[in-house]
Number of protein chains: 2
Amino acid sequence: MILYNEAIQKIRNEFECIFLEIEEIPLKKALNRTLAEDVVTDINLPPFDNSAMDGYAVRYEDDVREWNVIGEISAGNYRDYSHSPGSAVSIMTGSRLPEGFDTVIPIEDVDVIDNTVSLLPTINIKRGINIRKAGSDIKKSQPAVGKDTFLKSRFLATLASCGKSKVKVYKKLKIAVLATGDELIKPDQQPGTDQIRVSNTYSLCGMIEELHQSPLNLGITGDDFDELKQVIADTLSSDIDILITTGGVSVGKHDYVREVFSILGIEEIFWRMNIKPGKPVYFGKSVDSKLVFGLPGNPVSSLVNFELLIKPFLMELYNFCEVKKVNAVLENDLYKTDKKRHFMRGFIAQDETGNYTVSAKLSQSSGNLVNFSKSNCLIEIEEDRLNPVKGETVHCIMM
Amino acid sequence: MILYNEAIQKIRNEFECIFLEIEEIPLKKALNRTLAEDVVTDINLPPFDNSAMDGYAVRYEDDVREWNVIGEISAGNYRDYSHSPGSAVSIMTGSRLPEGFDTVIPIEDVDVIDNTVSLLPTINIKRGINIRKAGSDIKKSQPAVGKDTFLKSRFLATLASCGKSKVKVYKKLKIAVLATGDELIKPDQQPGTDQIRVSNTYSLCGMIEELHQSPLNLGITGDDFDELKQVIADTLSSDIDILITTGGVSVGKHDYVREVFSILGIEEIFWRMNIKPGKPVYFGKSVDSKLVFGLPGNPVSSLVNFELLIKPFLMELYNFCEVKKVNAVLENDLYKTDKKRHFMRGFIAQDETGNYTVSAKLSQSSGNLVNFSKSNCLIEIEEDRLNPVKGETVHCIMM
């Protein structure tokens, strides 16, 4: 039985070997994808000196407080006014500054009478105020968005400004999910005496989607050795990157999944882990380096295992960051007497001042899916820590 | 000029009046949607008493430590063994418990010789251990997932278990985004003397998608009164729910957007706000209750305004929760001398122990989009707070 930290390291090693392919897509499809090229800007940003305010462009001269308005420039409607002493040009925010002018006086700082603008008595100005210089955000040919950046919406704006209507991104991983078990039926069926509805394929495909990868729902296969072997062999010979199975990986007489993996030449990296819930988890690798996870059939355990063993590495691989761990103060005592690492279901809340508390009054039974779905975090209690009590701080993994 | 808190209240009032329509969709499409019905389970969960372990089902009797194995049950392969004193049935995790049996002994706690299982000398058992009772997660006809629940993947598992292969959810809002300005060109065009590439439509449509709503990109319209009026009138007569414009809403001579809104009968709820960046923001409502936001044209300001004035209410409306505000310790002094509410760009980091620090060494100029895109939070400095210094705690809004 492998320790949590060792298992994590072994999984990380394999994820670090994944080679992501690259595709070019339109910018408007690039949200939540990861950039596979260094993008430099093909122009200065901003492209030209421009006004940061609505006001009057002047050439600054000491002690001059009055100007004659000779024209007007709005954004996108530039005119080349030749500067003469004492002249001003009415200018709108974002408009290009005319040649020979170097300062913009905000509209609220002047009096305007006919074509004459004069500074209000209380106002003093300096040369160069309210000008955004060409290239002050970034200069032509400089790096604007780096390779491996996860593209949140604000990066789309930068890429558009740099002239990138198409971008190179890493392809999504194709992750197949197969639920195994003779007891499983589809959600729209009525269970017989000893049947239960499949739920793992829905939750795991959902998690894969939440991580912006491509799920492939393989549905249900019964505990039949030959059928399992066929389905898994077919799947592994397709273009998937990762296979996740649920169920059939413990020590029961009909738990064929591990044996099937072995017969199909999958190298076992570990099997069974010192955590709760989710002990029987399997991790391996096919000869062509497809990763294979055998998760427990229990719906809570399979979700928790995905959360711990797969999600963090997909996030790392694609540089997908979000708030994942927070410290919170326990609102009730927890029961933990063994030397496993426990991941307990909790509900985390944030008070007005931004501090976190977490309650774990929900059932901790991994049979309780409904209760589990109402939790919003996993409380991580390390191997050596026993029975944490109310008021102690614990690490929580947001779900 | 309206204060931040007042503006927020006015926007909240209008969002609270939005009536969301309902549609029924397949469960596998329901990720990131919000449930529009109370779902009860049509069966007990679990549906039958079952074994929590691989082991042996027995009927508990004081002092009995040895049993005769009369058969085997695996998940989905129930057989009705009639109980006789001293009999045990080999049973797999999740399998239905046979009638007359009440206790499961884990496989690791027994010795097996031929058909006889006996407790290991160190092991003692109690009646009822390792049984998950029918309905212990939730009983038939009880509420399983409440109306207004935002469907993360774990809820999909619960809904599948409850037999919901289709679910009623709230329709997405259709949110149109129009960039205005004579200076704007498309990203794949080379800017002339006084032109800049549009970026707001990309970033705002991206944010709308991040919030799981439907963006409608209306592209660019120049600063032409009649053209603007036509485009906005057409958009408002279509089936959109919210219109967002960028640019043309300040006091410049070609800022027609507010006048167009007025002529089209849009009720102005507020215009201009005491915040930085983003002062000229407009908020109104059409006669048929479509919400209208006029954001500044500046790419940083429009994004910050969306983050503050639209995103929180879309999240509330759809019950879409994520970690949004955290407290962090400042890593450098901030410059803030006025009585506006400032939202400064920062980069937040979390140390090993889960505590947050935030640095704001990036440029605070709203002209600096590239810099802005590299930040990951807004540092909120209230009206009355001036020049916070290194080591102080500040509120940060995650982006």
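Residues numbered from 1 in each chain as written. Chains lettered and ligands numbered in written order. Predicted model: local features only at pLDDT ≥ 70, side-chain atom pairs only at ≥ 80, totals over all residues. Heavy atoms only, no water.

*Asks:* Describe the sheet that holds strand β9 (residues 116-119) of chain B, with residues and values.
*Replies:* Residue and element names in this part refer to chain B. Here we have 6 strands laid out as an open sheet, ordered β7-β4-β6-β5-β9-β8, and mixed in their pairing. Single-partner strands in this sheet number two, and they are β7 (103-106) and β8 (110-113). Going across the sheet, the axis of each strand differs from the next one's by a mean of 35°, ignoring polarity. Bridge count between strand β5 (residues 66-73) and β9: 3 bridges; the pairing is antiparallel. Looking at the pairing, E66 lines up with S118 of β9. (Pairing = 2+ DSSP bridges. Helix = DSSP H or I, 4+ residues; strand = E, 2+ residues; numbered from the N terminus. Axes fitted to C-alpha atoms, helices over the stretch in contact; angles between N-to-C directions.)

*Asks:* Explain helix α4 (residues 225-236) of chain A to me, and be specific about the residues and the numbers.
*Replies:* Residue and element names in this part refer to chain A. Between the first and last C-alpha of α4 there are 16 Å, a value that for 12 residues agrees with the 16 Å anticipated at 1.5 Å per step. Against the buried residues of α4 lie β13 (174-180), β16 (214-221), β17 (242-246), α5 (257-263) and β21 (291-295). Taking the backbone nitrogen of D226 as reference, a side-chain oxygen 3.2 Å away marks D224 as the first, capping residue of α4. (Expected span 1.5 Å × (residues − 1). Contact = heavy atoms within 4.5 Å. Polar contact = N/O pair within 3.5 Å; in protein donor to acceptor, adjacent residues only side chain to side chain.)

*Asks:* For the pairing of β17 of chain A, give the residues involved together with the corresponding values.
*Replies:* Residue and element names in this part refer to chain A. Here β17 lies mainly inside the structure; 5 of its 5 residues are buried. Of the two faces of β17, the one holding I242, I244 and T246 and the one holding L243 and T245 are both buried throughout. With 5 bridges joining them, β13 and β17 adopt parallel strand pairing. Considered in β17, the bridge of V177 is made with I244. As paired elements, β17 and β21 share 5 bridges and run parallel to each other. (Buried < 20%, exposed > 50% of the residue type's maximum accessible area, 1.4 Å probe, protein only.)

*Asks:* An account of the packing of aromatic side chains is needed here, citing residue identities and associated values.
*Replies:* Using the criterion set out here, one finds 16 aromatic pairs over all chains in the structure. Pairwise contacts between aromatic rings join F15, F270, F283, F293 and F313 of chain A into one cluster. Between R96 of chain B and the ring centre of Y78 of chain B, over which it is positioned, the NZ or CZ distance is 5.2 Å. The ring of W271 of chain B carries the charged tip of R258 of chain B above its face, separated from the ring centre by 3.7 Å. (Phe/Tyr/Trp six-rings, centres within 6.5 Å; stacked < 30°, edge-to-face > 60°. Lys NZ or Arg CZ within 6 Å of the ring centre and 35° of its normal.)

*Asks:* Could you give an account of the packing of helix α2 (residues 153-161) of chain A against helix α3 (residues 200-210) of chain B, with specific residues and numbers?
*Replies:* α3 of chain B packs onto α2 of chain A with a crossing angle of 160° between their chain directions and a minimal axis gap of 7 Å. It follows that α2 of chain A is roughly antiparallel to α3 of chain B by the angle criterion. Where α2 of chain A crosses over α3 of chain B, the two elements pack in a sense that is right-handed. Note on element contacts: α3 of chain B touches α2 of chain A through Y202, S203, G206, M207 and E210 of chain B, opposite S153, L156, A157 and A160 of chain A. In terms of residue class, the contact of α2 of chain A with α3 of chain B is built from 5 nonpolar, 3 polar and 1 charged. (Parallel < 35°, antiparallel > 145°, perpendicular 65-115°, else oblique. Left-handed = near helix turned anticlockwise from the far one by under 90°. Nonpolar A, V, L, I, M, F, W, Y, C, P; charged D, E, K, R; others polar.)

*Asks:* Quick rundown of the relation of the copies chain B and chain A? Include the residues and the values.
*Replies:* Laying chain B over chain A is done by rotating through 180° and shifting 0.0 Å along the axis; what remains is an RMSD of 0.0 Å. Both copies are brought into coincidence by an operation consistent with a two-fold rotation axis. Identified as the residue of chain B closest to the rotation axis by C-alpha distance is V323 of chain B, at 3.3 Å. Mapped onto chain A, 99% of the interface residues of chain B again fall at the interface, so both copies present the same surface. (Least-squares fit on C-alpha atoms with pLDDT ≥ 70 in both.)

*Asks:* Can you lay out α2 of chain A for me, pointing to particular residues and giving the numbers?
*Replies:* Residues and elements named next belong to chain A. When you tally the buried positions in α2, you get 9 out of 9 residues, the bulk of the element. Among all positions of α2, only S153, R154, F155, L156, A157, T158, L159, A160 and S161 are buried. Taken from the residues just after α2, G163 is the one with a positive phi, measuring 85°.

*Asks:* So what about the side chain of D137 of chain A? Which residues, and what values?
*Replies:* Residue position: D137 of chain A is located in the loop between β10 (131-132) and β11 (143-145). Put simply, D137 of chain A is tucked away with no salt bridge, and the nearest opposite charge, on K374 of chain B, sits 7.9 Å away. A polar contact is formed between the side chain of D137 of chain A and the backbone nitrogen of L369 of chain B, at a distance of 2.7 Å. Polar contacts involving the side chain of D137 of chain A include one to the main-chain amide nitrogen of V370 of chain B, which spans 2.9 Å. (Lys, Arg positive; Asp, Glu negative; His and termini not counted. Salt bridge = Lys/Arg side-chain N within 4 Å of Asp/Glu carboxyl O.)

*Asks:* Go over the side chain of Q213 of chain A with me, naming the residues and quoting the values.
*Replies:* All names here are of chain A. Here Q213 is to be found in the loop between α3 (200-210) and β16. For Q213, a relative accessible area of 4% gives the class buried. Reaching out from Q213, the side chain makes a polar contact with the backbone nitrogen of L173 at a distance of 2.7 Å. A distance of 3.4 Å separates the side chain of Q213 from the side chain of Y318, its partner in a polar contact.

*Asks:* Any chance you could break down the interface of chain B and chain A for me, citing the residues and the numbers?
*Replies:* Facing 93 residues of chain B, the contacting portion of chain A comprises 92 residues. Taken over both partners, the interface formed by chain B and chain A buries close to 7100 Å², and the fraction arising from carbon and sulfur atoms is 54%. Looking at the side of chain B facing chain A, the largest losses of area belong to D137, R154 and D194 of chain B, adding up to 9% of the total buried there. Here chain B and chain A share 2 salt bridges between them. A salt bridge links R197 of chain A to D42 of chain B; the shortest N-O distance between them is 2.8 Å. On the surface where chain B and chain A come into contact, there are 32 residue pairs in polar contact (both at pLDDT 80 or more). (Buried area = accessible area lost by both parts, 1.4 Å probe.)

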